[in-house]
Amino acid sequence: MLQRTERFYDKTYGEEGLNAQRRWPNEEFCRFMGRRFFGKPDSERKLTKILEVGCGTGANLRLLAEEGFDAYGIELSHEAVDLVPHLLGKRNHCSVICGNMMELPWDGNYFHAIVDVFSSYCLDESEFTVFVEEIYRTLIKGGRYFSYTPSKGSEAFYNSSPSKRIDQSTLDGIRRVTAPYYGNFYPFRFMNIEDVESFFPKEKFEIHYIEKVSRTYGMCKERFEFIVFEAVKL
């Protein structure tokens with residue numbers, strides 16, 4: 001099913017270029033970095049490896065690079081990867097590759113943090129389970145996974161017709177024309193707090209932070225909710 005997602009974003013980035021995505025970092029990602037990493041001195045930052053999965057054109061990576069972290073990115077769309085240098089510029093080097101987040105091409109215990117800003121939601125439940133195993137494999141002990149992901153509290157999930165359910169959490173796209181993100185015709189997964197606890201078992205992870213944030217769309221006509229959480233590898 002990732003082929004549908006890849007085709008969608010190759011087309012979007014190919015047609016719209018850098019205008020296909022925001023050029024500045026996600027606010028909740030900035031809060032995460034402020035809580036956990038911005039207190040580090042420069043000498044530690046350059047040794048701190050942080051991976052963003054689904055990095056797009058690199059808006060979040062640019063922050064990591066400018067702040068002196070050892071930044072990595074993986075992105076499904078080759079069109080997006082080709083645009084990263086145009087956004088970051090020559091001075092802000094990051095290691096960015098085109099690939100699948102379910103098959104991370106790095107050694108085990110490699111990253112201090114893995115960042116997922118509205119990216120892994122394109123994986124259905126079974127695919128997300130595979131991705132979580134990759135998170136566990138590639139994080140160091142005590143490493144952090146940060147997620148900003150759609151919540152089942154969103155009307156787009158509980159009032160989803162004519163979309164169909166792939167599984168209990170995943171729609172086959174956002175197909176109601178009045179819904180936020182209408183036109184994203186690829187698997188679109190939502191979570192609730194119970195799902196977070198289920199996918200990140202206590203014997204492997206500890207949840208250190210979990211909150212809900214929301215905003216409205218269409219002149220306040222519809223609310224879309226996100227879950228923001230951090231899971232620490234034990």
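Description of the structure in this document. (Residues numbered from 1 in each chain as written. Predicted model: local features only at pLDDT ≥ 70, side-chain atom pairs only at ≥ 80, totals over all residues. Heavy atoms only, no water.)

## Thoughts on the pattern of salt bridges
Step number 1: Inspection of the entire model under this criterion finds 15 salt bridges.
Step number 2: Between E27 and R31 there is a salt bridge, with its nearest N and O atoms 2.8 Å apart. A residue pair is termed a helical-turn pair when its members lie 3 or 4 positions apart in one helix, as E27 and R31 do in helix α2 (residues 27-36) at 4 residues.
Step number 3: According to the relative accessible area criterion, E27 is exposed, its value standing at 52%.
Step number 4: With a shortest N-O distance of 2.8 Å, E134 and R137 are connected by a salt bridge. (Salt bridge = Lys/Arg side-chain N within 4 Å of Asp/Glu carboxyl O. Helix = DSSP H or I, 4+ residues; strand = E, 2+ residues; numbered from the N terminus. Buried < 20%, exposed > 50% of the residue type's maximum accessible area, 1.4 Å probe, protein only.)

## Some details on unusual backbone geometry
Step number 1: Going from S161 to P162, the amide bond is cis rather than trans, its omega being 15 degrees.
Step number 2: Counting through the fold element by element, P162 comes out in the loop between α7 (155-158) and β6 (170-171).
Step number 3: One non-glycine residue, F118, lies in positive phi territory at about 55 degrees.
Step number 4: Even without a glycine there, the phi angle at M219 is positive, about 60 degrees.
Step number 5: Inspection of the secondary structure assignment puts M219 in the loop between β8 (205-217) and β9 (222-233).

## Re the pairing of strand β4 (residues 111-117)
Step number 1: When you tally the buried positions in β4, you get 6 out of 7 residues, the bulk of the element.
Step number 2: Where strand β1 (residues 49-53) meets β4, 3 bridges bridge the pair, whose relative direction is parallel. Each residue of the ladder has a partner; that of I50, found in β4, is A113.
Step number 3: Pairing of β4 with strand β5 (residues 139-150), which is carried by 6 bridges, proceeds in the parallel orientation. Looking across to β5, one finds that A113 is bridged to R144.
Step number 4: In terms of handedness, the path from β4 via helix α6 (residues 125-138) over to β5 forms a crossover that is right-handed. (Pairing = 2+ DSSP bridges. Right-handed = clockwise from strand over helix to strand, strands pointing away.)

## Observations regarding the side chain of T48
Step number 1: Structurally, T48 can be placed in the loop between α3 (42-45) and β1.
Step number 2: Those residues in contact with T48 that lie beyond four places of it in its chain are F37, K40, F69, D70 and H112. (Contact = heavy atoms within 4.5 Å.)

## Thoughts on the state of the cysteines
Step number 1: Here the structure, examined in full by the defined rule, presents 0 disulfides.
Step number 2: Among the cysteines around C30, which has no disulfide bond, C94 carries the closest sulfur, lying 14 Å off.
Step number 3: What makes C30 partly exposed here is its relative accessible area of 28%. (Disulfide = S-S within 2.5 Å.)

## Topic: the sheet that holds β9
Step number 1: Within the open sheet, the 7 strands sit side by side as β3-β2-β1-β4-β5-β9-β8. Their pairing is mixed. Every interior strand has two partners, whereas the edge strands, β3 (95-98) and β8, have only one. Direction aside, the axes of adjacent strands within the sheet are offset by 15 degrees on average.
Step number 2: Across 5 bridges, the pairing between β1 and strand β2 (residues 70-75) is parallel. Its bridge partner lying in β2, K49 is registered against D70.
Step number 3: Packing against the sheet, α2 makes contact with β1, β4, β5, β8 and β9, and its axis sits at approximately 155 degrees to β5. (Axes fitted to C-alpha atoms, helices over the stretch in contact; angles between N-to-C directions.)

## Section: the packing of helix α1 (residues 2-16) against helix α5 (residues 78-88)
Step number 1: Their axes nearest at 7 Å, the elements α1 and α5 cross at an angle of 40 degrees. Compared by their axis directions, α1 and α5 come out oblique. Contact with α1, carried on its side by D10, Y13 and G14, involves H78, E79, A80 and L83 of α5 and no other residues of that element.
Step number 2: For the contact of α1 with α5, the per-class residue count stands at 3 nonpolar, 2 polar and 2 charged. (Parallel < 35°, antiparallel > 145°, perpendicular 65-115°, else oblique. Nonpolar A, V, L, I, M, F, W, Y, C, P; charged D, E, K, R; others polar.)

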